[in-house]
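Read off the chains here:
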Amino acid sequence: MATLSDIAEKLGITKGTVSKALNDAPDISETMRKTILETAVEMGYTLKRQKKNEFKKLCIFIENMDYNVPNDFGYEIVLGFKKAAEPAGYQVDLVALTPEFQKTHPYDIYMLQNGYMGAYVMGLALADPWMAQFSHTRYPTVLYDNYVKDNLCTAYVGLDNYEGLDLLISHLKGLGHQKIGLLSGALGSHITQARYKAFHNAMRKNHLKIDSDLVRCSYYITECTSQHLPHLLNHGATAIVCSHDMLANAVLTACRDFGYRIPEDLSIVGFDDLPLSAYTFPPLTTIRQDREALGKCGYFALNSLLEKVPVGTLLLHAQLILRSSTGKAPSQPVQPASPLPML
């Protein structure tokens, strides 16, 4: 690991100046501080030694995910991480991210400035600035539902989406469904891509035909329900897999508006088992993610990286939750109470 002396020698300055920059001393210019921080990161310097009586610090970075109250998706993940990390003597900070924040705060520099030993990162899209930086970070970093290749300092934690989609498709096939459609969020994140691929894999595994007219993706739930859902129904889908529960709930509502009975005329399934899934109308068949366990696994993977154990991927088993949004496939195509839009 690079030392303060190494950094000072490279820049032709004193060791004391380097120390001031790394400890946010006020009597140093921002230009010099920035130069020293960038050089320290480039040389692989990290704050390994903690000051006496100072907590070891980890950070959870969160974007595109609610986490403040118990019904929020991220709440139990954060809780699980803290339950595992804090008894081990770590202080855990939470930082909400935006793409703008990432553009102005390079990841390794932010970690160095704030004295974090490692981080658990949740909710980033593939286009986020930090995703490219994770490929060469030297800080132990665990990503929830994101994957970085060829960096031994990173790990991926999540649910086994292939197992989950296979459970859903096998369940629908067992009910007699052959024309199974997919409504998905846009493929701008690792998780939507993973579930998209897992759907196709599960259909092939169950010897079911994949009809391109029955697969649609969109960034917007409203576009899925107003445009893509009628398209799937007009092409004879008897069951629809939704890539997440919020989308599935919207599809349930739209189908009732179109005059379909659920599950007599059409079966709907989701993914995640959000708290609302037990209270939709009808209650939603879905795949459960144990979110507290995902938080604990995030810490276990991060602790392994901190101990120089290069774990790569840690996936939880999927659990099928059967509720009343799925039923036997109708013997004949169902005609809606009113004509659907022809899109």
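Because the structure is predicted, anything quoted here is derived from the model rather than measured.

Caption draft 1: View of the overall build of the chain. Across its full length, the chain carries 12 helices and 12 strands. Overall size of the chain, expressed as C-alpha extent along the three principal axes, is 80 × 40 × 35 Å. Of all 343 residues assigned to the chain, the portion counted as buried reaches 50%. Across the chain, the fraction of contacts at a sequence separation of at least 24, relative to all contacts at a separation of at least 6, is 70%. Just so you have it, the chain exposes about 16,100 Å², and 53% of that area is on carbon and sulfur atoms. A gap of 4 Å separates the mean positions of the 32 positive and 34 negative side-chain charges of the chain.

Caption draft 2: Broad picture of the pattern of salt bridges. Summed over the entire model, instances satisfying the criterion amount to 12 salt bridges. Linking R216 and D213 is a salt bridge whose minimum nitrogen-to-oxygen distance equals 3.9 Å. Looking at R216, the relative accessible area reads 21%, which means it is partly exposed. Through salt bridges with shared partners, one network takes in K83, E292 and K296.

Caption draft 3: Layout of the sheet that holds strand β11 (residues 313-316). If you trace the 6 strands from one edge of the open sheet to the other, you get β2-β1-β3-β4-β5-β11, paired in parallel fashion. Lying at the two open borders of the sheet, with one neighbouring strand each, are β2 (90-96) and β11. Put simply, the sheet's adjacent strands are angled 20 degrees from each other on average, direction ignored. As paired strands, strand β1 (residues 56-62) and strand β3 (residues 118-122) are joined by 5 bridges and run parallel to one another. Counterpart to I62 in the pairing with β3 is M122. Here helix α4 (residues 73-85) sits on the sheet in contact with β1, β2, β3 and β4 (141-144), set at roughly 160 degrees to β2. Packed on one face of the sheet, helix α6 (residues 107-114) meets β1, β2, β3 and β4 and runs near 140 degrees to β1.

Caption draft 4: Main features of the nonpolar core. F81, Y120, I180, F199 and V241 are the most contacted members of the largest nonpolar core, which has 47 residues in total. For this core, the leading source of residues is helix α12 (residues 291-306), giving 7 residues. Ranked by size, the runner-up nonpolar core spans 32 residues in total, among them A8, V121, W130 and Y139.

Caption draft 5: Region of the structure containing the pairing of strand β7 (residues 215-218). With 4 bridges connecting them, strand β6 (residues 180-185) and β7 associate as parallel partners. Bridging across to β7, L183 finds its partner in R216. Traced from β6 through helix α9 (residues 190-205) to β7, the parallel crossover comes out right-handed.

Caption draft 6: View of the packing of aromatic side chains. Enumeration over the complete set of coordinates arrives at 16 aromatic pairs. Arranged with centres 5.0 Å apart and planes meeting at 65 degrees, the rings of Y107 and W130 form a pair that is edge-to-face. Here Y107 is found in helix α6, whereas its partner W130 is found in helix α7 (residues 129-133), with 23 residues between them in sequence. Of the residues examined, Y107 reaches a relative accessible area of 0% and is grouped as buried. For W130, a relative accessible area of 0% gives the class buried. When the ring of W130 is compared with that of F134, the centres are 6.4 Å apart and the planes differ by 65 degrees; the resulting orientation is edge-to-face. In this structure an aromatic cluster arises from ring pairing among F61, F101, Y107, Y110, Y116, W130 and F134.

Here is what the cut-offs are and how they apply
- Residues numbered from 1 in each chain as written.
- Predicted model: local features only at pLDDT ≥ 70, side-chain atom pairs only at ≥ 80, totals over all residues.
- Heavy atoms only, no water.
- Helix = DSSP H or I, 4+ residues; strand = E, 2+ residues; numbered from the N terminus.
- Buried < 20%, exposed > 50% of the residue type's maximum accessible area, 1.4 Å probe, protein only.
- Contact = heavy atoms within 4.5 Å.
- Areas by Shrake-Rupley, 256 points an atom, 1.4 Å probe, with all protein chains shown as cover.
- Lys, Arg positive; Asp, Glu negative; His and termini not counted.
- Charge placed at Lys NZ, Arg CZ, Asp CG, Glu CD.
- Salt bridge = Lys/Arg side-chain N within 4 Å of Asp/Glu carboxyl O.
- Pairing = 2+ DSSP bridges.
- Axes fitted to C-alpha atoms, helices over the stretch in contact; angles between N-to-C directions.
- Core = buried A, V, L, I, M, F, W, Y, C linked by side-chain atoms within 4.5 Å.
- Right-handed = clockwise from strand over helix to strand, strands pointing away.
- Phe/Tyr/Trp six-rings, centres within 6.5 Å; stacked < 30°, edge-to-face > 60°.

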